[in-house]
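# Per-entry structural report
The primary structure of each chain is shown beneath.
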Amino acid sequence: QVQLVESGGGLVQAGGSLRLSCAASGRTFGNYIMGWFRQAPGKEREFVAAIRWSDSNPYYADSVKGRFTISRDNAKNTVHLQMNSLKPEDTAVYYCATRYSYRWATATDDYPYWGQGTQVTVSS
């Protein structure tokens, strides 16, 4: 029902910034939740941030709070993740996901639709 495409990944030095984007096509977001997850090699996929489409209220994992900002562009059906003060431990493939519910969720199983991911590498 929906397709998600991430972009904006790359290689940066520690302390640098990147801005990820997730463009959606097909079903509109409506009152749903959009989330960002990340997965490092050999690690479990973990929650990063989420945003409620209807009012843009955000929620962040403790590991990125104060450094990352999630936002949405209603006109472009796009969600952004502004990442500042990047650390080597932020290195991972970042995935965009959507959950067709108004309720907050941070578990991967709660998000049925996923993009293909974009690589973020932070060098020390």
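The coordinates are above.
In this report, the structure presented in the accompanying data block is examined. None of these values were measured; they are calculated from a predicted model.

Turning to the overall build of the protein chain, a few remarks are in order. The secondary structure content of the protein chain amounts to 0 helices and 11 strands. Ordered by position in the sequence, the α and β elements of the protein chain form the string β-β-β-β-β-β-β-β-β-β-β. Against the globule reference of 14 Å for 124 residues, the protein chain gives a C-alpha radius of gyration of 13 Å, in line with a compact fold. Along the first, second and third principal axes, the C-alpha set of the protein chain runs to 40 × 30 × 25 Å. Here the protein chain holds 124 residues, and the buried ones make up 40% of them. Long-range pairs, those at least 24 residues apart, make up 59% of the contacts in the protein chain between residues at least 6 apart in sequence.

On inspection of all chains with the given rule, the structure shows 5 salt bridges. R52 is the salt-bridge partner of D55, the closest N and O atoms lying 2.8 Å from each other. Overall, the relative accessible area of 13% leaves R52 in the buried class. Ionic pairing is found between R67 and D90, a salt bridge with its closest N-O pair at 2.7 Å.

Two aromatic rings, taken as a pair, are described by how far apart their centres are and by the angle between their planes. Scanning the entire structure with this criterion turns up 9 aromatic pairs. For the pair F37 and Y111, a centre-to-centre distance of 5.1 Å together with 70° between the ring planes defines the contact as edge-to-face. Highlighted residues: F37 in strand β4 (residues 33-39) and Y111 in the loop between β9 (92-99) and β10 (113-114), separated in sequence by 74 residues. Y111 matches F37 in its accessibility class, with the two residues each being buried. Ring centres of F37 and W114 lie 4.9 Å apart, and the angle between their planes is 55°; on these two criteria the pair is classed as tilted.

Criteria and thresholds
- The written sequence of each chain sets the order in which its residues are numbered from 1.
- A pLDDT threshold of at least 70 governs which residues receive local features in this predicted model, and a stricter bar of 80 or more applies before side-chain atom pairs are shown or counted, although totals over entire chains, interfaces and linings include all residues.
- Working from all heavy atoms in the structure, the side-chain values ignore hydrogens and water.
- By definition, any uninterrupted DSSP run of H or I lasting at least four residues is a helix, any uninterrupted run of E lasting at least two residues is a strand, and each is numbered from the N terminus.
- Here the globule rule reads 2.2 Å times residues to the power 0.38, and the radius of gyration is calculated from C-alpha atoms.
- Partly exposed describes any residue whose relative accessible area lies between the buried limit of under 20% and the exposed limit of over 50%, with all areas from a 1.4 Å probe on protein chains only and scaled to the type maximum.
- Throughout, a residue-residue contact means that at least one pair of heavy atoms, one from each residue, lies within 4.5 Å.
- Here, a salt bridge means any Lys or Arg side-chain nitrogen found within 4 Å of an Asp or Glu carboxyl oxygen.
- Only rings of Phe, Tyr and Trp enter the pairing, Trp through its six-membered ring, and a pair is recorded when the two centres are within 6.5 Å. The plane angle decides the type: under 30 degrees is stacked, over 60 is edge-to-face, the rest tilted.

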